[in-house]
Amino acid sequence: MDSNDRLIQKKQAWAREKRGLGGREVEDEAPEPDRLPPGQHLVNNWPVLDLGYKPEIPLEEWRLTVGGFVAQPLTWTWQEFLAQPPFRSVSDFHCVTTWSTFDNEWEGVSFKHLIGLVKPLSLAKFVLFKSYDDYTTNLPLEACDDDDVLLCHSWNGKPLTKEHGGPVRMIVPKRYAWKGAKWVKEITFSDRDEKGFWEVRGYSNSAFPWKNDRYS
Ligand SMILES: Nc1nc2c(c(=O)[nH]1)N[C@H]1C(S)=C(S)[C@@H](COP(=O)(O)O)O[C@H]1N2
Ligand SMILES: [Mo]
């Protein structure tokens, strides 16, 4: 068993035990309990979760490639990405290991804008994400085609740090956080669903926080 396997085991144990990371930072009671999905607790910090590897991507080398079942595939450089219409949205963030953060201000490029550019073919029903750390995750196209979904480069007014997935990560507020690929590199529209890193390891394929939908 290598260190990555151990990390995965540890993380799965955290999730099973419904424990957050760093109990010190947990508030006793959420100010707005109705805002917390079942089994979640509010934290004031923003924990970091990854596979034990945080890729360093110099901006001049960063590329985002979008293809598959689309009429207009594209690859963006950093300058091209920043030249897209700016998009901002505020949402809560729910991790399957039970912590949530409220009122995150995300900035980047809206996923609806990306969909408008690449024009998915009618066969495209799923979107597959691949990251610079080889992490993968998958979503139905309709989950990505939502007003609050974005390719995010800034959080609360500051560039997204490397540990949180900078230069660019996905944010999909209506699903657990593992559905949002950090350090996103390739986005593939597909006719087939293809389970990602956590989905093949027993996590729910749909991942709805409000349905307590953690495991498959
Ligand atoms: N590329 C990549 N994206 C990833 C992960 C990862 O390990 N690699 N972890 C996922 C998980 S399990 C969670 S909970 C969130 C955590 O995001 P954060 O570290 O910014 O809190 O990122 C998700 N996206
Ligand atoms: Mo996670």
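Residues numbered from 1 in each chain as written. Chains lettered and ligands numbered in written order. Predicted model: local features only at pLDDT ≥ 70, side-chain atom pairs only at ≥ 80, totals over all residues. Heavy atoms only, no water.

Within an unreviewed UniProt entry, the label attached to the protein reads Sulfite oxidase-like oxidoreductase, and the organism entered is Nitrospira tepida.

Asker: Looking at this model, I keep getting lost on the pairing of strand β6 (residues 126–131). Mind explaining?
Answerer: Walk down a regular strand and you will see the side chains alternate between the two sheet faces. Here five bridges tie β6 to strand β7 (residues 136–140), and the two strands are oriented antiparallel to one another. Within β7, the residue paired with Phe129 across the bridge is Thr137. Where β6 folds back onto β7 in an antiparallel hairpin, the turn is made up of four residues, including Asp134, whose phi is positive at roughly 70°. The sheet contact formed by β6 and strand β11 (residues 184–190) spans six bridges and is antiparallel. Looking across to β11, one finds that Val127 is bridged to Phe189. (Pairing = 2+ DSSP bridges. Helix = DSSP H or I, 4+ residues; strand = E, 2+ residues; numbered from the N terminus.)

Asker: Even after reading the chapter, I still don't get the nonpolar core, so can you show me in this structure?
Answerer: Most often, soluble globular proteins keep nonpolar side chains buried together rather than apart. Grouped together as the largest cluster of nonpolar side chains are 31 residues, with contacts concentrated most on Trp76, Phe111, Leu114, Phe129, Leu151, Ile187 and Phe189. Secondary-structure elements contributing two or more residues to this core are β2 (63–68), β3 (74–77), α2 (78–82), α3 (111–118), β6, α4 (141–144) and β11. Considering each element in turn, this core owes the most residues, four residues, to α3. Each residue touching Trp76, except ones within four places of it in the same chain, is listed here: Trp62, Arg63, Leu64, Phe81, Gln84, Val109, Leu114, Leu117 and Leu151. Counting twelve residues, the second largest nonpolar core, distinct from the first, contains Trp46, Trp106, Cys152 and Leu160. (Core = buried A, V, L, I, M, F, W, Y, C linked by side-chain atoms within 4.5 Å. Buried < 20%, exposed > 50% of the residue type's maximum accessible area, 1.4 Å probe, protein only. Contact = heavy atoms within 4.5 Å.)

Asker: I tried to follow the pattern of salt bridges on my own but got confused; where do I start?
Answerer: Any two side chains of opposite charge can pair, so long as their charged atoms come close to each other. Taken as a whole and assessed by the stated rule, the structure comprises eleven salt bridges. Notably, a salt bridge pairs Arg88 with Glu105, separated by 3.0 Å at the nearest N-O pair. Placement of the pair is Arg88 in strand β4 (residues 87–94) and Glu105 in strand β5 (residues 99–110), with a sequence separation of 17 residues. The exposure class assigned to Glu105 is partly exposed, which follows from its relative accessible area of 24%. When the shortest N-O distance is used, the salt bridge between Lys112 and Asp145 registers 2.8 Å. With Lys112 in helix α3 and Asp145 in the loop between α4 and β8 (150–155), this pair connects stretches of sequence that are 33 residues apart. Under the relative-accessibility criterion, Lys112 is labelled partly exposed at 36%. (Salt bridge = Lys/Arg side-chain N within 4 Å of Asp/Glu carboxyl O.)

Asker: Which parts of the structure should I look at to understand the side chain of Ser100?
Answerer: Looking at where Ser100 falls in the secondary structure, it is placed in strand β5. A distance of 3.0 Å separates polar atoms of two side chains, one belonging to Ser100 and the other to Gln40. If we ignore the near neighbours within four places in the chain, the residues touching Ser100 are Leu36, Pro37, Gln40, His41, Leu42, Val43, Phe93 and His94. (Polar contact = N/O pair within 3.5 Å; in protein donor to acceptor, adjacent residues only side chain to side chain.)

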